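# Structure at a glance
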Amino acid sequence: MKLRKIDISQSDLLMHQVSSLYHSGKSMKTCWKVHLNIKGQTGRMMLTWLLLVSLVCVTTQDGDGPENSVLQCGPENLTLSSSGQVIVLRWTEDDPSCSAVHDVLVYELVVLKPDVPTPVTGEVSVMPEQIGSSHSWSWRSSFALECFSHSVRIRSRYNKQASPWKQEDIHPGMEHLKTAGIYPKDALLERGSNFTFCCILPEGEIFNSAPTIRGLGSGSSESRQISNRSYAVTVHLTQASDRSSTCFHCTPPDHGACAYIGDPPQDKNLQCETRDLQSVECYWTAGRDYIVSHKSPTVYHLLGRECRKGGGELGMSGDQARWKMEVEIDVGEVNWTLTAVNGIGKVELLDRADLIKRVHMFAPKAVMASTINARNVTLEWEWTVQHYRNLKIRCQVKISHGDTHTIREYFGVGLSFTVLNDLIPYWKYNVTVRCATTPDLWKWSDWSTTVNFHTRGDVPDALDVWRQAAGDEVIILWKMPLANQSHGIIKDYRVTWEKTRSRGKEPQHATVHNNDSLSLSLDTAEEYIITVTARNENGSSPPSTITIPSFSPDGAERANGSWIVRSGGSFNLSWSPSPAASCGYIVDWCPSVGRCKAEWLKVAPNQTSARIFSENFTDGVRYLISVYACTQGAPLLLNTLEDYVRETRIKDKLFKSLKWKQQDSDVEVFWDRVNQREQSAFIQGYVLYWTEQDSNENFSVSTVNPEDTSLTATNLRISSYEFRVAALTAVGESGATYFTATLNPLTDNLVKPVLISLITVFGVLSVISVLCYKHWACIKQKVYPPVPEPVLTWPTSLGANRCRPLHVDHETEVLDVSELHYDSVPVAEDYVTEKPPASSQTPAGYYNQPLRRSIPAALTSLAIDTPASPFRSVFSNPSYDLLLQPGEQQSSLGSRLQEGTSSEGSFSEYQAQSNTQTFSFIETTEEPENLMSCVFTYIVVPKST
């Protein structure tokens, strides 16, 4: 290296020197950068440092001779390829000088593209042992390679030497095409990513800033211009392609491109196990493929072994995938890795497991019942995998009969048989088996095929016995054995009974066929022991015994009831514990009305509650429920109560004999007690409604006492009313009964008292009449003594105006009348008809003759004097005290004549007896001018007795 002298006093000279060094062709790359960093600094110190740096650069360049400045070992045999948007460059080293390389050889790569001013760079390091082999480098473009031309440059660098650049061009692009296009076409794209398409337009065509994208929403793309004819469209891929591709159009539809949008493999939940200890089976949940599976099916690798979908080892069931592979199973945990790859991406699943603890056994084979007895069976099976014989096995046996299923578990090494105990005699069973390893239970095997067998028969089970009192009889009841209790075909039942105090003697007995009860007439003063057994072809059941206590002839039992709740067509019953219940409790029930057969339930001694249910329960029926304590002797009654399973509405017209009574303005309604047989719910009270005719206003009165039998409607008006009586129950008002009543006026209520009064008076008068009839002679003597005959005296002053002679009946005694006076009085113009008695001797033509208008206007007063009577002061007889005054005669007699009434009896209330006669004075036509007109009513002469 040759040193040059530089005058540091002049900065311009320094700059000239540095510039001449650069233009001489020497490599000044590093030094030039330093000069740029310090340019503009002033001062002597800085000039000194610049001089030193320049000297170092010049020294370095002078020392690099032509043989050392260029590296001869460079890339050879360049091959450039592309796939989609990926560029791949491959090369080798063939120069002999490469053998002298003993350190890392670095290749520098540069990708040039017009859309990015700064080139994309990359490096590949090659170790000495790799020199001479093939090398490659790949790069993924953000654009389709068809959008524009891409160039790739490469050179090698070793220590401080570099080989010359070599350049390879790829795809000159489609800018030269005269037709438009959008690239890439038929690409596989990942959902959720941003992808850039490029649109190449023909000359003169205008770019649409809002390209059409079928399958994506609006506003999901952005565009920018790359060159005169090229535009970049960046799309956010929010939706996956389902059954078809997603198409893009930046010009008319004939210049579009389609893509397939999907996801990398979505597989998950890998689990591996072994079934035969010679192979591994892995299961996982396969992800949804969308349309990607048609373009690029998912490829799976397990432990490096490839298996595609549809291959013989890979199975799919819905979204569950399974892969079986033969491997050697060792003790210890192993990483089982599954890789799934498609055209978009890949996923790796890992399961770390010890397969010795993950044995999924096959189902037992050849299961059979080898030995069958009445209550036990020996069950055997086989294994298809010999390794199972050395494993600790846990097996489950599912025993089924009818709708009942039970599972029993058995353990053992290489377990291949078991004994099933406690089976039901004379019963059909279905049995199946499954097994698993223990103690590390991984999975149960599948159930084996079902085995059927029928156990042998045995004697029946002991009967469930109860009793029911019915009048002076006792009904012995038992529940007929069910199929799983009879253990064969029941032939008959044997019932024996004996008195407690005479046990040891031959008891009485009876045999019953096909029945579940027997009525016995027992001595009510004695206690009996009843025994019942059932018999089949294998023998008789154990005896069931019940004690019947002495009881009253009517068999009635009394106790207090409590604690019952209805629940869904049944009763939940509870009671207080009893120290006398040594063998439990018995609950029986029966409809409370009518004859019935009791049902019962036996409860364990440690329970004081029970749920009572029967298929015979009926809604709206009241049941009598009793709780007994089971003792060593006779059952002891604890509680009784009544209730309904469900209360229902009582039918209408419940009240058969409604009556009502009006009391002034109130109406009281009566009814008979409701028969319990007609009650389908508890009656809690009654209500009475009434509505006046032609009125919509309702009134009511109610009672909450179910014992009441009447209700009163008050303050009613005189009108017609419609009444309705209903019972109050828990389900509402029911049993409505209607009737109509019309209220009478208050005066009508007096009819009855008046009638009663009249009947009373009539009765009293009748009694008096009877008494008077029996004692009439005495009463007549005291009250009606004989009356003297009247004396009739005619005054001399009458003159020419005189009356005609008085005609007296021949049967009538002659009365003496002392004197007769008359005055002239006016007479009414009306007629008066006088009809003398039939026995009267009045001449013919004088009967029923009207009084003529020529009657004198005045009539003198008439006085009849009779002798004094000793009884006059006690009982006066007005018939003989006649005194006519002028005023009275005119008003009294005249008014009676105008009324047209008979003059008979007009002067007093005294009525003549039937044996009296009337004397009439009637004016005749003879000598009317000489006679005085006289109007005499009558003179009553008592007939002598």
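Anything mentioned here points back to the structure above.
The structure reproduced in this document is the subject of the present report. What you are looking at is a predicted structure, and each value in this text was computed from that prediction instead of being measured. (Residues numbered from 1 in each chain as written. Predicted model: local features only at pLDDT ≥ 70, side-chain atom pairs only at ≥ 80, totals over all residues. Heavy atoms only, no water.)

### Some thoughts on the state of the cysteines
This is how it is decided: The disulfide definition used here is simple: a pair of cysteine sulfur atoms within 2.5 Å. Numbering goes from the N terminus for both helices and strands, where a helix is a DSSP run of H or I of at least four residues and a strand is a run of E of at least two. Partly exposed describes any residue whose relative accessible area lies between the buried limit of under 20% and the exposed limit of over 50%, with all areas from a 1.4 Å probe on protein chains only and scaled to the type maximum.
Enumeration according to the criterion identifies five disulfides in this entry. In this model, Cys395 is linked to Cys435 through a disulfide, with the two sulfur atoms separated by 2.0 Å. Given an S-S torsion of about 105°, the disulfide between Cys395 and Cys435 has right-handed geometry. In this pair, Cys395 is assigned in strand β27 (residues 392-401) and Cys435 in strand β30 (residues 428-437), connecting sequence segments 40 residues apart. Like Cys435, Cys395 is buried. Each disulfide pairs two cysteine sulfurs, and for Cys583 the partner residue is Cys630, the sulfurs being separated by 1.8 Å. Disulfide Cys583-Cys630: the torsion about the S-S bond is -95°, which places it as left-handed.

### Some remarks on the pattern of salt bridges
This is how the line gets drawn: By definition here, a salt bridge exists when the distance from a side-chain nitrogen of Lys or Arg to a carboxyl oxygen of Asp or Glu is within 4 Å.
Per the counting criterion, the structure on display carries 22 salt bridges. Between Glu76 and Lys166 there is a salt bridge whose closest N-O contact spans 3.1 Å. One end of the pair, Glu76, is in strand β1 (residues 76-83); the other, Lys166, is in strand β8 (residues 166-170), with 90 residues separating them in the sequence. Looking at Glu76, the relative accessible area reads 26%, which means it is partly exposed. Residue classification places Lys166 among the partly exposed residues on the basis of a relative accessible area of 30%. Put simply, Glu647 and Arg566 hold a salt bridge, and the shortest N to O gap is 2.8 Å. Residue Glu647 is found in the loop between β46 (636-644) and β47 (659-663), and its partner Arg566 is found in strand β40 (residues 564-566); the two are separated by 81 residues along the sequence. With relative accessibility at 12%, the residue Glu647 sits in the buried group. Its relative accessible area of 32% is what places Arg566 among the partly exposed residues.

### A look at the sheet that holds strand β21 (residues 314-317)
Formally: When DSSP finds two or more bridges between two strands, those strands count as paired. Interaxial angle, 0 to 180 degrees, is taken between N-to-C directions of lines fitted to C-alpha atoms, where a helix line uses only the stretch in contact.
Across the sheet, four strands lie side by side as β17-β18-β22-β21; this open sheet has antiparallel pairing. At either margin of the open sheet sits one strand with a lone partner, and together these are β17 (268-273) and β21. Adjacent strand axes in the sheet meet at a mean angle of 20° when their direction is disregarded. Examined bridge by bridge, β17 and strand β18 (residues 279-285) share four bridges and lie antiparallel to one another. If you follow Gln271 over to β18, its bridge partner there is Tyr283.

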